[in-house]
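Structure assessment
In case you want the letters, here they are:
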Amino acid sequence: MQVINRSLSAKLLLIVTGFVILSGILGAIRVGFAETQRIEARYDNRLQGLSTRYISYLQDELQKRANILAASRAVLLEDFSTFAMHTKGSVVDMAEYRDADGGYRLIQEYSGAFVPSFRQIDSEINKWVAVSGETWERLTPVVESTFNAFYFISHNNVSRVWPVSIVTGHQPEHDVTQEIFFSEAAPAQNPSRSAVWTPIYFDKYTQNWMTSMLYPVYIDSEFVGVLGGDINISYLLNKLNDLDADGNQIKAFIYDASGELVLHSGATPEMAREPVKSEQYQLLMPSQSGFEHYMQSVVNGDVLLGAIEPVVNQGEEISIVAQKFTDMEWFISFYYPRSLIDQSFRDSMSSVYTNIVVLALFLFVVLFFSIRRYVVRRIVALANATGRINQHNWEMSVPVQGCDEIARLGSSINDMLDQIRRLVHGLDDKIDLLDRASQESRRLMSAIENSASLVVILNRQWKIEYANSQYWQTSGYSIDSSESDFDPLLFDDEDSQKVSVEDIESKLESEILRGTFQEDSGKWQAEYLAVTAGGRKFWLMQTVTAILGAEQKPEFYVCVGQDISDLKEKQQEVEKLAYYDHLTGLANRTLFKSQLRATLNHSIRSGQRMALFYVDLDHFKRINDTFGHESGDHFLVEVARRLRGCLRQEDMVARLGGDEFAVLLNQVESPQYAYVVANKIIQALNRAFDIQGKEVVAGGSIGITLAPDDSDDIDVLMKNADLAMYQAKDKGRNAFQFYTADMNQAVEQRLTIERELRQALKFGQFELFYQPFVDFESGKIIGAEALIRWNHPVHGLVSPVEFISAAEESGLIVPLGKWVLKTACYQAKGIQKALGRKFRISVNLSARQLSESDFVKTLDGCLNETGLDPKTLELEVTESTLMEDAESVILKLREVRRRGCSLAIDDFGTGYSSLSYLKRLPITSLKVDRSFVKDLPDDEEDREITSLIVAMAKSLHYEVIVEGVETPEQHAFLANCGCHIGQGYFYSRPLPVDHFMTLLFSDGSESI
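As recorded in an unreviewed UniProt entry, the chain goes by EAL domain-containing protein and comes from Gilvimarinus gilvus. Check the Subcellular location (unreviewed entry) section of the UniProt entry for the chain; it says "Cell membrane".

Turning next to the sheet that holds strand 14 (residues 330-337). Strands sit in the order 10-9-14-13-12 across an open sheet of 5 strands; the sheet is antiparallel. Every other strand in the sheet has two partners, leaving strand 10 (261-264) and strand 12 (309-313) as the edge strands with one partner each. Pairs of neighbouring strands in the sheet enclose a mean axial angle of 30°, with direction left out of account. Here strand 13 (residues 316-324) pairs with strand 14 via 7 bridges, running antiparallel. Among the inter-strand pairings, Ala322 is bridged to a residue of strand 14, identified as Ser333.

This part covers the layout of surface pockets. Taken as a whole, the largest pocket spans an internal volume of roughly 1,000 Å³. For the largest pocket, the lining is made up of 37 residues, of which Glu785, Leu787, Pro800, Ile804 and Asn844 are closest to its centre. Mapped onto the lining of the largest pocket, the elements with two or more residues apiece are strand 27 (766-775), strand 28 (781-792), helix 18 (804-810), helix 19 (813-835), strand 30 (840-844), strand 31 (873-878) and strand 32 (902-908). Here the lining of the largest pocket is composed, by residue class, of 16 nonpolar, 11 polar and 10 charged.

For the rest of this paragraph, the subject is the packing of helix 25 (residues 940-955) against helix 26 (residues 968-977). Relative orientation of the contacting elements helix 25 and helix 26 amounts to 40°, with a least axis distance of 10 Å. Classified by the angle their axes make, helix 25 and helix 26 are oblique. The handedness of the crossing between helix 25 and helix 26 comes out as right-handed. Along its contact with helix 25, which presents Arg943, Thr946, Ser947, Val950 and Lys954, the element helix 26 presents Phe973, Leu974 and Cys977.

So, about the packing of aromatic side chains. Note on aromatic pairs: each is described by the distance of the centres and the angle between the planes. Counted by the stated rule, this structure contains 23 aromatic pairs. Ring plane angle 20° and centroid distance 4.4 Å describe the contact between Phe80 and Trp128, whose orientation is recorded as stacked. On the criterion of sequence distance, the pair formed by Phe80 in helix 1 (residues 2-81) and Trp128 in helix 2 (residues 123-143) is long-range, its members being 48 residues apart. Taking relative accessible area as the criterion, Phe80 reaches 14% and is therefore assigned buried. For the pair Tyr675 and Phe736, a centre-to-centre distance of 5.1 Å together with 80° between the ring planes defines the contact as edge-to-face. With Tyr675 in helix 15 (residues 671-686) and Phe736 in strand 26 (residues 736-738), this pair connects stretches of sequence that are 61 residues apart. Phe736 sits in the buried class, given a relative accessible area of 17%.

Here we come to the side chain of Thr198. Assignment of secondary structure puts Thr198 in the loop between strand 5 (196-197) and strand 6 (201-203). Excluding residues that lie within four positions of it along the chain, Thr198 makes contacts with Ile180, Glu184, Thr211, Ser212 and Leu214.

Turning to a negative patch on the surface, a few remarks are in order. A cluster of acidic residues, Asp122, Glu124, Asp220 and Glu222, forms a negative patch on the protein surface. Within the secondary structure, Asp122 is located in the loop between strand 2 (112-115) and helix 2.

Think of an α-helix as turning once every 3.6 residues; residues three or four places apart then point the same way. Helix length check: helix 15, at 16 residues, gives a terminal C-alpha distance of 23 Å against a target of 22 Å (1.5 Å per residue), a fit within 8%. Inspection of helix 15 places Pro671, Ala674, Val677, Ala678, Ile681, Ile682, Ala684 and Leu685 among the buried residues, and these make up the whole buried set. On an axial view of helix 15, the arc spanned by its buried residues comes to 160°, and they lie on one face.

Before going further, it helps to spend a moment on the sheet that holds strand 21 (residues 652-657). Across the sheet, 5 strands lie side by side as 21-22-20-25-26; this open sheet has mixed pairing. Of all the strands in the sheet, just strand 21 and strand 26 have a single pairing partner and so form its edges. On average, adjacent strands in this sheet sit at an angle of 20° to one another, irrespective of strand direction. Two strands pair when backbone bridges link them, and strand 20 (residues 609-617) and strand 22 (residues 660-668) are joined in this way by 7 bridges, in the antiparallel orientation. Across the sheet, the residue bridging to Leu612 is Leu664, located in strand 22.

This part covers the pairing of strand 27. Every other side chain in a regular strand lies on the same face of the sheet, so the side chains alternate between the two faces. Burial analysis of strand 27 places 9 of its 10 residues in the buried class, the great majority of the element. Bridge count for strand 27 against strand 28 is 9 bridges, and the pairing is antiparallel. Its bridge partner lying in strand 28, Phe766 is registered against Trp790. What sits between the antiparallel neighbours strand 27 and strand 28 is a turn of 5 residues, in which Gly779 has the positive phi angle 75°. Direction of pairing for strand 27 relative to strand 36 (residues 991-992): antiparallel, over a ladder of 2 bridges. Along strand 36, the bridge assignment pairs Tyr770 with Leu991. Alignment of strand 27 against strand 35 (residues 981-982), held across 2 bridges, turns out to be antiparallel. Considered in strand 35, the bridge of Val774 is made with Gly982.

Quick look at the packing of helix 13 (residues 620-627) against helix 14 (residues 629-645) now. Helix packing for two helices is described by the angle between their axes and how far apart those axes are. Axis separation between helix 13 and helix 14 bottoms out at 7 Å; the angle between their running directions is 135°. Between helix 13 and helix 14, the angle falls in the class oblique. From helix 13, Phe620, Ile623, Asn624 and Phe627 reach across to helix 14, where they touch His629, Ser631, Gly632, Phe635 and Leu636. In terms of residue class, the contact of helix 13 with helix 14 is built from 5 nonpolar, 4 polar and no charged.

Cut-off values and rules
Residues numbered from 1 in each chain as written. Predicted model: local features only at pLDDT ≥ 70, side-chain atom pairs only at ≥ 80, totals over all residues. Heavy atoms only, no water. UniProt positions renumbered as here; feature names shortened; annotations may be inferred. Pairing = 2+ DSSP bridges. Helix = DSSP H or I, 4+ residues; strand = E, 2+ residues; numbered from the N terminus. Axes fitted to C-alpha atoms, helices over the stretch in contact; angles between N-to-C directions. 1 Å grid on protein atoms, 1.4 Å probe; cavity = no way out; pocket = protein on both sides within 12 Å on 5 of 7 lines; lining within 4 Å. Points joined across faces, edges and corners; volume = space filled by probe spheres on them. Nonpolar A, V, L, I, M, F, W, Y, C, P; charged D, E, K, R; others polar. Parallel < 35°, antiparallel > 145°, perpendicular 65-115°, else oblique. Left-handed = near helix turned anticlockwise from the far one by under 90°. Contact = heavy atoms within 4.5 Å. Phe/Tyr/Trp six-rings, centres within 6.5 Å; stacked < 30°, edge-to-face > 60°. Buried < 20%, exposed > 50% of the residue type's maximum accessible area, 1.4 Å probe, protein only. Patch = residues over 30% accessible without salt bridge, like charges linked within 9 Å, V, L, I, M, F, W, Y side chains within 5 Å. Areas by Shrake-Rupley, 256 points an atom, 1.4 Å probe, with all protein chains shown as cover. Salt bridge = Lys/Arg side-chain N within 4 Å of Asp/Glu carboxyl O. Lys, Arg positive; Asp, Glu negative; His and termini not counted. Charge placed at Lys NZ, Arg CZ, Asp CG, Glu CD. Expected span 1.5 Å × (residues − 1). Arc of directions from axis to C-beta.

What follows is the structure, given as structure tokens:
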């Protein structure tokens, strides 16, 4: 009693202690997690708000200075325009202000003027000195509180500056137009004429770090100088250092669009080791702040602006947010170290932990003494009573007190004792039954072991639980073989129609669901080709019976197999006699019609053509009569071999009887393929046969019909092929004939065009015509498109519409395209030489040309051989060409652009290219398809589409070329719409090169 009591008390103590500790830990974790979230949210909100307010404030300040400079530029230009109205007394002669060192310096109340010693003083210089002096007299009192320096630098070396100390500090030969204050805003670096900011630099005159805002000054589109104002960088530094009122816990840094650090609130900028761009001003030295990777990610757009990101910088975890200056290519990031969160968390949690410990101690005392009083004592009493029960004392019972769970436990123990007593009494009867069942099982196992069938029992995982001796003897495996080395059902892996375990399971499950199984089992039966350990294959009839468990699911599988190889061999001999020709081994008429029906049904379902040939040997009777039937049989066997050699694996050839054969072609893409196969068969039959040492040529006549074009009935198809075969014989034998006369004519026409195209390439029957490109703005001819024409010896001038598709399908487009490209380059070079200037030539490319691996090499060869400047050659490709093998096409087009050639999308608007795909293409021009132009300007829809295409092209900086311009109204609308170049009959029809040269000389245009 005391031992049990101590054991339960100790366990109770451990349980309660563990529960209290675990509860305290979980509570502390939960409170700590919530406190961490609260502190982190507080710091993040603080960081977010500070960054938003600062960037707004700073941008307002910078915009105010930009507005002041813009207004100052307007005042300067106004003063310059009204200079002619000034009195003569207002003119200044800078020649009178030459100092001893040779420089020209004019010092006035609010500003000074400087002209370097090497500059010759003229009226233009005096004019700028006078105008800028009056302007600065009015503006300096306004801008001196905003800028650290305010100046104007003219293109002819005049500089007007406030404060005057900068003028006095200039060296006499100092060229102000070489400074970054001038070069950054000059047209060479600022073609957009917008306001620009200089990099951070060190001003030697004021000994301060500066940045300058610059405005280019233009008069009648002519650049005359730069207006600028300097801002002391300490203006930004002071703001950055005063970011956080709470001990500078939040810091910030500014960096430019190249990822270089500009300012940091915790450091001052360092001077670069060597001057950059100027001998007078030092730029910032790139800083190693540790934020290089982060800054580059922000610049590349990998970091979302305005979103707080966790970053590890030089081993320290920080939270950081990035913003962008809208008017400057600068970014600013604010951050705080996450160690601040940890410190705040530790301060906050110290009192929380104290409260948790006090609560845990109170909970421990209450639980421990309550459970000990109301649970432990009663369990000890129950344990003592059950301890007195043993195998010799089953009749006693345990005491039961009360009606709670412990009392019910005592009642359950008494019920269990009653059940044990009943089980003991019936145990002897069960032992007798087991003895009788064991004897019956031994007899059954003996019968299975000595059976002639292959018997194997598999578990749920299809692993062998038992196999009889016949199974091991037939399979060649041993009982010690690893199951991973063979399939228990002896499936052949090389059998194309192999049965799988999954198939068997699926069939058994469907039978079980349908309720077709008998009581507690389901069956599957099939014949398949099995394989032994030695590789011998034999036919096995296998029956698999699934023995079901209580849940109607298979518990194990009983497999009984019979070797039926002999039966199968006899069955195959019968089938061969029924379905195959005994002489040639080909399918006979019965099997052929069955296969024809199946192929026709598949052709109808898939929407693909099939072709049926009737092949009849010419003069076979003469061979039989001359050499005898035995030689005739050998001849037929050789014919069958040649016919099989002309076909694909999936095609079929059969002997219908005598000297008549049938050929079945599956998946025929076009009648031309049937033409090729038929021609191949004719050639095979025309090769000499060796009969009794003599060479004999037989030949054959072939009738061809296509399905489902001609019919979807097999009897009609066979009749059609037979009629077509006789038509071939009527035309002189040794030929083939399509059943449909129109189809036969189309095939012959296409082959005629291909043959004549080859002759045209060989004898130079092609010629290039040129249709001019006209500039909408100037109305001058600036280039032309090269268009091919065929001078047919019979039909005269043939349009490319009639032969390009045939060239594409036959592959002749490749040599034809090479000829066009090379000829166009030669003639373009001649046109340029005759005109004495550059002239643009456009050449069309086909998808087949671009798919050639040596296309770029061919282009290089044409350019090198002709000496044509690549910048004057434009290559046109259609949208459909770009969509074929897009990645390969883009790579080749980029190679073309690297060589300097222009690229245009022809027939734009008729394809399916997306805008996202269009942006990836290295093109320079869009050619609007003539279908959008023909109804202009009357059709509203065409007007909107054309305007939309032009607007899109301009936004992508593409040149817009319009085809099919035929009326003055179309020309006027397209010019007003903003198109760049027009092409069409309104300007000129395509002309041969000599007529086109005459048109050029009469036009007198100038190249753009």
